[in-house]
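One letter stands for each residue in the lines below.
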Amino acid sequence: MHRSLGSFSSFAAGFSYISIMTGVFQLFGFGFASGGPAMIWTWPLVFVGQGAVALCFAELAGQFPLAGSVYQWAKQVASPATSWMAGWIIIIGSIVTAAAVAVAYQVILPQVSLGFEIVGGSSDAGLTSTPAGAQNAIVLALALIVFTTAVNIVGVKVMAKINNFGVLVELCGSTLLVILLIVHAKHGPQIVTQTNGTGAGHSTGYVGAFLVAAIMSAYVFYGFDTAGSLAEETLEPRRHAPKAILRAISAAFAIGGLLMLFAMMATKNLSDSNIGTLGLPYIIKSVLGNGLGDVFLICSAIAITVCCLAVQTAAIRLIFSMARDDRLPFSWALAKVSVRSRTPILPALLTGVLTIALLLVNIGNQRVFYVLTSVAIILFYIPYLMVTGPVLLRRLRGHWPRPEHGGYFSLGRWGLLVNGFAVLYGAAMIVNLAWPRAAVYGSDHWYYQWGAIVFTGVIALVGGAYYLIRKPGAQAGPQPGR
């Protein structure tokens, strides 16, 4: 691979994966409908939890600047079986995430122009809850996956240029949007205490509603490890990667929190049912009008594009990294890098084909989108825990940080506290996400209600069976370099 990415490109990879104008635009309606304006408190809660994970990752990125991030870190601090499962699960998670991100086009583009509602009509625009809306979501998503696959085949330089442009658009667009929403504020910040009566349908009252609404925030705050996935293509990765991880999650927290707060403050009627179905795009167009509102929706569409691009890019590097260690079927082919593009071509094609297959299997199935979203988050939280858990054990035994840690990023005396909290948070959120509650998965079919647990279990069983049969042992691989 070719080292050509600077510090901004490294930051942009992590930020575009988190992507405020993707995740918040896509799931704000779900969060608002689930928990009312008070759902915004899930934002700092999830940030603190994932921030602790990011701090642990920053330490690891400075020590092991290798393609594959989570897999490589698990390989260095845990057993071969743990690192295999971490890599295997997050590969599937990346493919599911790419599909979940790609369907976000349906939330945005048809609300800009009905010309993007190829299947269905005006009543389906912006919705995935109708049969035609769900079908159109797949059509738009397929076009996006074809584009991102082509870009990743061309090479990392083109990917970085497109990604950097998209991140600049997202940063400028979201900042300007926050300012305009402040100008149009109609309520004070006290609205963050309103629940809109959403706790009424839960046995635990608003606590139950709040935990459901937290899925929105959890969906946004993952993927920051992508800055580490591109380490072998980044200049001075030991210095840039840790900072990029922390800057990406911090910028997302600040911008996303302000965007949601001022969007709700600018809303005329916080009881409007359209907010829960059409989400943030509906608020923006209601407050700013169709013309100016469409400009920001186009910015969101650009953000979705580069987010999907970043998701696939990270998946490609992960597959390449595991194949290079001979830990995947057909590793000899998956580990090849094109002489011309300096990119692993076969992993790019594989991720594109598998994502397209996942989308086609679910075409017209409007119930699957929240299942996809929840499963995507779980399939990242589990591998994250497979890194933070072993690191915590090493800390308790006095084996981390290592004597040769050097002057790169270190948590110092706060390491045990931060690491311990990261593990507790990760385990608790996995339980919350997988819980087969009707408010998320419905209760009419068991395979939907238990979909997250069943799908995750199948992935783990398949991965475990392969490991036991083939016993793919990690080779030495490339040594951490500057």
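Conventions used here
Residues numbered from 1 in each chain as written. Predicted model: local features only at pLDDT ≥ 70, side-chain atom pairs only at ≥ 80, totals over all residues. Heavy atoms only, no water. Helix = DSSP H or I, 4+ residues; strand = E, 2+ residues; numbered from the N terminus. Rg over C-alpha atoms; globule rule 2.2 N^0.38 Å. Buried < 20%, exposed > 50% of the residue type's maximum accessible area, 1.4 Å probe, protein only. Contact = heavy atoms within 4.5 Å. Areas by Shrake-Rupley, 256 points an atom, 1.4 Å probe, with all protein chains shown as cover. Lys, Arg positive; Asp, Glu negative; His and termini not counted. Charge placed at Lys NZ, Arg CZ, Asp CG, Glu CD. Polar contact = N/O pair within 3.5 Å; in protein donor to acceptor, adjacent residues only side chain to side chain. Disulfide = S-S within 2.5 Å. Salt bridge = Lys/Arg side-chain N within 4 Å of Asp/Glu carboxyl O. Expected span 1.5 Å × (residues − 1). Axes fitted to C-alpha atoms, helices over the stretch in contact; angles between N-to-C directions. Parallel < 35°, antiparallel > 145°, perpendicular 65-115°, else oblique. Nonpolar A, V, L, I, M, F, W, Y, C, P; charged D, E, K, R; others polar. Core = buried A, V, L, I, M, F, W, Y, C linked by side-chain atoms within 4.5 Å.

A. Structural detail: the overall build of the protein chain. Looking only at helices and strands, the protein chain has 20 helices and zero strands in total. For 482 residues, the compact-globule estimate of 2.2 N^0.38 gives 23 Å, and the C-alpha radius of gyration of the protein chain, at 21 Å, lies within 12% of that figure. Dimensions of the protein chain along its principal axes, counting C-alpha atoms only, are 60 × 45 × 45 Å. Counting across all 482 residues of the protein chain, residues that qualify as buried make up 61%. Long-range contacts, defined here as pairs at least 24 residues apart, represent 83% of the contacts in the protein chain between residues at least 6 apart. As displayed, the protein chain offers around 17500 Å² of accessible surface, 68% of which is attributable to carbon and sulfur atoms. Of the side chains in the protein chain, 27 bear a positive and 14 a negative charge, and the two mean positions are spaced by 9 Å.

B. View of the side chain of asparagine 136. One can find asparagine 136 in helix H7 (residues 131–154). Residue asparagine 136 is classed as buried on the basis of its relative accessible area of 0%. Polar contacts involving the side chain of asparagine 136 include one to the main-chain carbonyl oxygen of phenylalanine 116, which spans 3.0 Å. With residues near it in sequence (within four places) discarded, asparagine 136 still touches Gln106, Pro110, Phe116, Glu117, Ile118 and Val119.

C. Layout of the state of the cysteines. Across all of its chains, the model carries zero disulfides by this definition. Here cysteine 307 is not cross-linked by a disulfide; its sulfur's nearest cysteine counterpart is in cysteine 308, at 7.1 Å.

D. The arrangement of the pattern of salt bridges in detail. If you walk through the whole model with that rule in mind, you get five salt bridges. Ionic pairing is found between lysine 75 and aspartate 325, a salt bridge with its closest N-O pair at 2.7 Å. Of the two residues, lysine 75 is situated in helix H4 (residues 70–77) and aspartate 325 in the loop between helix H13 (290–324) and helix H14 (331–334); the sequence distance between them amounts to 250 residues. When sorted by exposure, lysine 75 lands in the same class as aspartate 325, which is buried. A salt bridge links arginine 402 to glutamate 404; the shortest N-O distance between them is 3.3 Å.

E. Quick peek at H7. Spanning 24 residues, H7 covers 36 Å between terminal C-alpha atoms, matching the ideal 34 Å at 1.5 Å per step. Once H7 ends, the next one or two residues include glycine 155, with phi positive near 145°.

F. Main features of the packing of H7 against helix H8 (residues 156–183). It is the contact of H7 with H8, at a shortest axis distance of 6 Å, that shows an interaxial angle of 130°. Looking at the two axes, H7 sits oblique to H8. Residues Phe147, Val151, Asn152 and Val154 of H7 form the contact with H8, whose participating residues are Val158, Met159 and Ile162. Of the residues assigned to the contact of H7 with H8, the class counts are six nonpolar, one polar and no charged.

G. Structural context of the side chain of threonine 355. If you trace the backbone, threonine 355 turns up in helix H15 (residues 345–361). For threonine 355, a relative accessible area of 2% translates into the label buried. A polar contact of 2.7 Å, which involves the side chain of threonine 355, links it to the backbone oxygen of threonine 351.

H. Local environment of the nonpolar core. Counting residues in each nonpolar core, the largest one holds 151 residues, and the members touching the most others are Phe28 and Phe57. If you tally residues by element for this core, the top one is helix H11 (residues 237–266), at 16 residues. Once you skip the residues sitting within four places of it in the chain, phenylalanine 28 turns out to touch Gly23, Met39, Met216, Met260, Met264, Ile275, Gly279, Leu280 and Ile283.

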